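Commentary on secondary and tertiary structure
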Amino acid sequence: MINDTKSLLRFWPLMLFGGLMVLFAFGLRLGDPSVLPGSMQNKPVPSFTLPPLANSGIEGFATKDLQQTRPLLLNVWASWCVPCRLEHPLLMQLAAKGVLVYGLNYKDNGEAARRFLGQLGNPYHRIGADSMGRVAIDFGVYGVPETFVIHKGIILYRYAGPLTPQIIADNILPHLNL
């Protein structure tokens, strides 16, 4: 019995490693990890009111503002977010094409956010300051940037991560009817 136990203990690290490899392989088969579950998809936007970005001259917004009769974008961003800086020119292009873009400024310093927009331009129709991140939580935001396509107050699509020309062409524009 003692010899059997010693033999089993000798192979314990190998069995543990094998078990972890099976779990890892199974996890890879679950799908694309960049596609996060959209628990809010096809549901109404949460009820909220966001104050404006301080000293920006741009109005904040509330749930009722996202109940437009045409599709719009809600972009969750922050000045400290490097991927937000990368996707920003694409948001500028969409706004120039007439897409209504709302900005949810997430856990940011107002001065830094205004500086960000001063350097890169402002694609946002309105900007709400979510300094505590509570509204973002209600939307199910994992991090910044995230972008939602909303029509008549219903979330049609959500993309977590920085927008790219390919994501916009394949996933955003079809929902915007452009």
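Higher on the page you've got the structure.
A brief look at the structure comes next. Here the structure is a predicted model, which is why all the values come from computation and not from measurement. Residue numbering note: each chain is counted from 1, following its sequence as written. For this predicted model, a pLDDT threshold of at least 70 governs which residues receive local features, and a threshold of 80 or more governs which side-chain atom pairs are given and counted, while totals over whole chains, interfaces and linings are taken from all residues. Note that water and hydrogens are dropped before the side-chain values are worked out from all heavy atoms of the structure.

1. Describing the side chain of H88
- Mapped onto the elements, H88 comes out in helix 2 (residues 82-96).
- On the basis of relative accessibility, which here comes to 1%, the residue H88 falls in the buried class.
- Side-chain atoms alone can form a polar contact between residues adjacent in sequence; in general such a contact is a pair of N or O atoms within 3.5 Å, and within protein one must be able to donate a hydrogen while the other accepts it. A polar side-chain atom of H88 sits 2.8 Å from the main-chain carbonyl oxygen of G121. Strands here are runs of E lasting at least two residues and helices are runs of H or I lasting at least four, both read from the DSSP assignment and numbered beginning at the N terminus. Only protein chains enter the calculation, and the probe is 1.4 Å; a residue is then buried if its accessible area is under 20% of its type maximum, exposed if over 50%, and partly exposed in between.

2. A few points about the state of the cysteines
- A pair of sulfur atoms, both from cysteines and within 2.5 Å, is called a disulfide here. The tally for this structure, following the rule as stated, stands at one disulfide.
- Between the sulfur atoms of C81 and its disulfide mate C84 the distance is 2.4 Å. Taking the torsion about the S-S bond as the criterion, the C81 to C84 disulfide, at about 85°, is right-handed.
- Since its relative accessible area comes to 2%, C84 is described here as buried.

3. Some thoughts on unusual backbone geometry
- The omega angle of the peptide bond from V144 to P145 is -5°, so this bond is cis rather than trans.
- As for its position among the elements, P145 is in the loop between helix 4 (134-139) and strand 6 (146-151).
- Residue N42 is not a glycine yet carries a positive backbone phi of 65°.
- You can see N42 is positioned in the loop between helix 1 (2-28) and strand 1 (49-50).
- At K107, a residue that is not glycine, the phi angle is positive and equals roughly 45°.
- Overall, the relative accessible area of 43% leaves K107 in the partly exposed class.

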